[in-house]
Amino acid sequence: MTAESIAPRPRRSGSRAGRTVSRVLICIVGLVFVFPFVWMIATSLKPTDEVFASGTSFLGSRIEWSNYVTAWTAIPFARILVNSFLIALVGAGITVTVSVLSAYAFTRFAFRGRAALFGAFLATMVLPQEVLIIPLYLMMQKLGLVNSYPALILPFAFGAFGTFLIRQFLLGLPADYEEAAKIDGAGRLRTLVSVIVPLLRAPIAVVFVFAFIEYWASFLWPLIIVNDTWMATVPIGLQMFSGERGTDWGPLMAAVTLVVLPSLLIVVLLQKQLQQGVSMGGFGGR
């Protein structure tokens, strides 16, 4: 071994320049995505008559903290937040439970027509929500669930996306864990809960976040199935700031700022699991 072979190689200037360009591009893209949030917060602190006025500063002539007070008191905002949080939390929990159980069945149980049934299950992903509105409403009406929490939660808690994602992860898990649990006397359900689910934290976090945000931001279905302000969700509550006299932009932006915080908090708390879910290649499989 010669001295030349063990000597450290000089870094290539091209790779350093490439990393610099990549960081600059990432910063630009990050600013593009962050700017709407900054504008939203700035607008929430402006007087309403200065939101679209020209020649004013970014924050307006004065800071209007009263916009947040108006947003909280003009409508039953606390009740609306509780409704949306409860619906999104329970709906996301049901979605995760159904996705784990169905994905486990599609990967670990051998039965006739499994591939065809899974293909039909995935085909439901291409159906737009608008196609299902009328039959779902008629079904909820016959069951007497109109203007209720079950009507807001159950119809869209059985999607195929979560099943597909978790199934791809299960296809990559070796069967040794389950065989060891079976030798120890554990049944199917005990094996699933104690062995498989802890290994699926990353995809479960992805499914939970996606389902939570979908429930939180859903507008069309709550608008149709809810006929009482006391059962309104966040999107319907935000619509209340617009009326015949126009839109009260200051309080509206203040309300939107408050509404964004729960979803942002969920994403921040589950950031590690979300990164793992993406890096592990959940859309791969065998």
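See above for the structure.
Okay, so let's go over this structure. Since we're looking at a predicted model, the values are computed, not measured. (Residues numbered from 1 in each chain as written. Predicted model: local features only at pLDDT ≥ 70, side-chain atom pairs only at ≥ 80, totals over all residues. Heavy atoms only, no water.)

## Considering the overall build of the chain
So, step 1. Along its length, the chain carries 15 helices and two strands.
So, step 2. Looking at the 286 residues of the chain, the share that counts as buried comes to 36%.
So, step 3. Pairs at least 24 residues apart make up 74% of the contacts formed inside the chain by residues separated by at least 6 positions.
So, step 4. Carbon and sulfur atoms make up 68% of the accessible area of the chain, which amounts to about 17400 Å² in all. (Helix = DSSP H or I, 4+ residues; strand = E, 2+ residues; numbered from the N terminus. Buried < 20%, exposed > 50% of the residue type's maximum accessible area, 1.4 Å probe, protein only. Contact = heavy atoms within 4.5 Å. Areas by Shrake-Rupley, 256 points an atom, 1.4 Å probe, with all protein chains shown as cover.)

## Section: the packing of aromatic side chains
The geometry of two aromatic rings is summed up by the distance between their centres and the angle between their planes.
So, step 1. Throughout the structure, instances matching the rule amount to ten aromatic pairs.
So, step 2. When the centroid spacing of 5.5 Å and the interplanar angle of 20 degrees are considered together, the rings of F161 and F210 count as stacked. Highlighted residues: F161 in helix α8 (residues 160-171) and F210 in helix α11 (residues 201-217), separated in sequence by 49 residues.
So, step 3. Residue classification places F161 among the partly exposed residues on the basis of a relative accessible area of 26%.
So, step 4. Here the aromatic cluster, defined as three or more aromatic residues joined through ring pairs, consists of F85, F208, F212 and W216.
So, step 5. Above the plane of the ring of F118 lies R167, whose end atom (NZ or CZ) is 4.1 Å from the centre. (Phe/Tyr/Trp six-rings, centres within 6.5 Å; stacked < 30°, edge-to-face > 60°. Lys NZ or Arg CZ within 6 Å of the ring centre and 35° of its normal.)

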